[in-house]
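Coordinate analysis (summary)
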Amino acid sequence: MPETDHDDDVAMTSAGPEDHAPDSAAPAESTDPRIDLPGIAWKRVSPKYLVAGLVQLGIAAVIVCGLVAVAWLAWDWTWAGWALPFVAVFFIISIVVEPRRVRSIGYALRTDDLVFRRGIMFQRFVAVPYGRMQLVDITRGPVSRALGLADLRFVTAAAATAVAIPGLPEADAEELRDQLVTLAESRRAGL
Amino acid sequence: MNLTDGEWHRLHPASPLLRGGIAFVAIAGFVIANLRERLVEIFFHVPSYGDDPLDDIYARGLVGWALLAVLGVLIVIIAVFYLSWRMHSFRVTDDLVEVRSGLLFRTHRRARLDRVQGVTITRSLLPRLFGAAKLDVAVAGNDGNVQLAYLGSAAADALRREILQLASGLRASRDAAVLPPPAPGGETATSASADVDTATGAPASVATGIINQRVNEFLAPELDADVAPPESVVRIPVVRLIGSVLLSGYTVFLLVAGVALIVGVANDAVWPVFAVLPILIGSVSYYWNRVTRMLRYSIAGTPDGVRVGYGLLSTNNETLPPGRIHAIGVSQPLLWRPFGWWRIQVNTASRARSDGQNRDHTTVMPVGKAEDVSRVLGLMLPAFVGDDAALVIRAGLVSRGDDDYSGAPRRAAWLRPFSWRRTGFRAASGVLLLRHGLVSRHLAIVPYARVQSVSLSQGPLQRSLRLAAVQVQTVSGPVIASLDVADAATAVRLFAEAGADAVTYAASDTSHHWSTS
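Thresholds, definitions, all that
- Residues numbered from 1 in each chain as written.
- Chains lettered and ligands numbered in written order.
- Predicted model: local features only at pLDDT ≥ 70, side-chain atom pairs only at ≥ 80, totals over all residues.
- Heavy atoms only, no water.
- Helix = DSSP H or I, 4+ residues; strand = E, 2+ residues; numbered from the N terminus.
- Buried < 20%, exposed > 50% of the residue type's maximum accessible area, 1.4 Å probe, protein only.
- Contact = heavy atoms within 4.5 Å.
- Areas by Shrake-Rupley, 256 points an atom, 1.4 Å probe, with all protein chains shown as cover.
- Polar contact = N/O pair within 3.5 Å; in protein donor to acceptor, adjacent residues only side chain to side chain.
- UniProt positions renumbered as here; feature names shortened; annotations may be inferred.
- Pairing = 2+ DSSP bridges.
- Axes fitted to C-alpha atoms, helices over the stretch in contact; angles between N-to-C directions.
- Salt bridge = Lys/Arg side-chain N within 4 Å of Asp/Glu carboxyl O.

Under the annotation held in an unreviewed UniProt entry, chain B carries the name YdbS-like PH domain-containing protein and is attributed to Orlajensenia leifsoniae.

Right, here's the structure in full:
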């Protein structure tokens, strides 16, 4: 996949300076607008997940742009002609941002709970106590499977918890699942 | 009669009839509708002109066969009813409640008693006349209830008490002490040699005795007098109840619709009549249902949890054991503010509720004053009482801000122009209180021991204002515990503390067996 590698490089260089900015401004903590949790060693998802994300985005971009283009050229829907640049720009931005999005996903196993983070523009942190996990699910999409990746999803009694760690290497995912199930079992506390 | 001896018991003999009650009425209605000409003829001596099936049968001389067919159908119905009654049995052991039922498709449902989320006794009008009641043992999840329909009224009360006692962690020793001694001359539980006996709870001794019993059952608001305190802690005058139902957003909508109707008619338009009039007529039944459903409301604390009762003709009585309330929401719509009324709703883990009446089981107090709120909260949060708690709750309800709740900074006014000062949180002995809303006031109270997860989020707009939001996730329900705007550093601290406290309190929580705590 030469294309995706290329995209990756471009994105890396574009995102590079921004990543260094917080480090340089580290002493004045309050000037960093981004929220962060102190003292957590985040584990990141597999770099290969970036490939999966880009492939999926690429497929979606081709399909959606293709449909809009067909609507514009073959069926003479003029609004589709206007929409096409916007759709294209949306996908280009998504592809450019994808490496940062993937790097923003992280998780950490603390003594009593699992912490999960994701998002750049819309940041979200979730802490799930081990005793609250009702089940741990492993799912594999077609692209992920080709790359040997798996997604781990946690279900608690609250539907809003919605924690899913994407892009773990399959062996890691299974090991993590077994570890979490053991932890959940040892701290089980009703509902 | 001991229903919790671990043996299989049967339900009230009239159960199939009561469960099939609606179908029965529908069939009767169908027959009557088809034979109305004949009825008219019988009662008013108006000669009939149509040929209904009876004429046909009479003319062909098939009366005997017809009677035989009716008899056959009756026998089949009775046989099916009898068999379905025979096959429908339940048992309660020390750990489980089980129901098996069904003639062709057998179902077998089993619930663990330490996972019981609530026990509800429903007495609909028709079963009440038969002296029967429906017992629902709710466990977590959608449609996760074990239903015993129907039991004798007294048996249902006894069974509820025993199930709650077993669930609370008390074992047979105490059980035996609490149960009343067997009636003289009656058989004891041990001498019941048959492996299955009947849970009618109505010994057919003397006819007048039964009638007296029925009347007493019908009039008694709460049969379980030895367990429930006699007084409900909240009393809702009917006027307040009607007022609370009338002062809703729906009424505003109706008024707008009514104005539209008048304007339309004044301008000689016909369509508003067809568009609006059905809504107005339908709303009458809406108001009627809302009011009658909540008549005779009562709430009382029992050793086995909070008991909430509703209903005038069809009554409904739910017991929520300790530790089964995952979040409590106290709210006041704008229209209620002049009267100082509040509503209390809860999140519970069970959403079974297939009682066919769409009752709102999440409202534990439909309307009440601020004092009622603190009394009900005192029942639901036994560990959170006292003057301090009263002040904290008071502040959570009516304060405009600038008190011992951690409020949002002034820059949050960009996102919450009215309520930024009020939006805040406070942690207090095992619970987290989150308040927001100045126009319609809301206070959410979450016991830390029931928190499922905590999340912290920040969007671009919030980031530019150095704000963040915290949500405390509980099982789903009407109460949403979230702090939409807070200083970013405060939110991060709350996220960390709430997560840690949730773990601590959950580890020390013993409410699944509440009496042993």
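This next bit is on the overall build of chain A. Each helix and strand in chain A was counted, giving five helices and seven strands. Mapped from its N terminus to its C terminus, chain A presents α and β elements in the order α-β-α-α-β-β-β-β-α-β-β-α. By residue count, 39% of the 191 residues in chain A fall in the buried class. Within chain A, counting contacts between residues at least 6 apart in sequence, those at least 24 apart form 56% of the total. About 10500 Å² of surface is accessible on chain A, with carbon and sulfur atoms providing 64% of the total.

Listed as interface residues are 28 residues of chain B and, on the opposing side, 29 residues of chain A. Applying the counting rule to chain B against chain A returns 11 residue pairs in polar contact (both at pLDDT 80 or more). Of all the secondary-structure elements, those providing two or more residues to the side of chain B that touches chain A are strand S21 (453-458), helix H15 (460-464), strand S22 (467-473) and helix H16 (488-507) of chain B. Among the elements that line the side of chain B that touches chain A, the one with the most residues is S21(B), at six residues.

This next bit is on the UniProt feature "transmembrane region" (unreviewed entry) in chain B. Those places that UniProt annotates as "transmembrane region" (unreviewed entry) correspond, in this numbering, to residues 17-35, 62-83, 241-263 and 269-288 of chain B. The span residues 269-288 of chain B is 90% helical and 0% strand by assignment, and the distance between its end C-alpha atoms comes to 30 Å.

Let us now look at the sheet that holds strand S8 (residues 145-152) of chain B. All names here are of chain B. The sheet built from six strands is open, its strands ordered S8-S6-S5-S12-S11-S10 with antiparallel pairing. Edge strands, defined here as strands with exactly one partner in the open sheet, are S8 and strand S10 (298-302). Looking at each pair of strands side by side, their axes are set apart by 15° on average, direction ignored. Two strands pair when backbone bridges link them, and strand S11 (residues 305-310) and strand S12 (residues 315-320) are joined in this way by five bridges, in the antiparallel orientation. Bridge pairing links Val-306 to Leu-320 in S12.

Taken as a whole and assessed by the stated rule, the structure comprises 20 salt bridges over all chains. Among the ionic pairs, A:Arg110 bridges to A:Asp113, the shortest N-O distance being 3.0 Å. Taking the relative accessible area as the measure of exposure, A:Arg110 reaches 30% and is therefore partly exposed. In this structure, the salt-bridge partner of B:Glu98 is B:Arg91, at a minimum N-O distance of 2.8 Å. Its relative accessible area of 22% is what places B:Arg91 among the partly exposed residues. Where salt bridges share partners, they join A:Arg140, A:Glu170 and A:Glu174 into one cluster.

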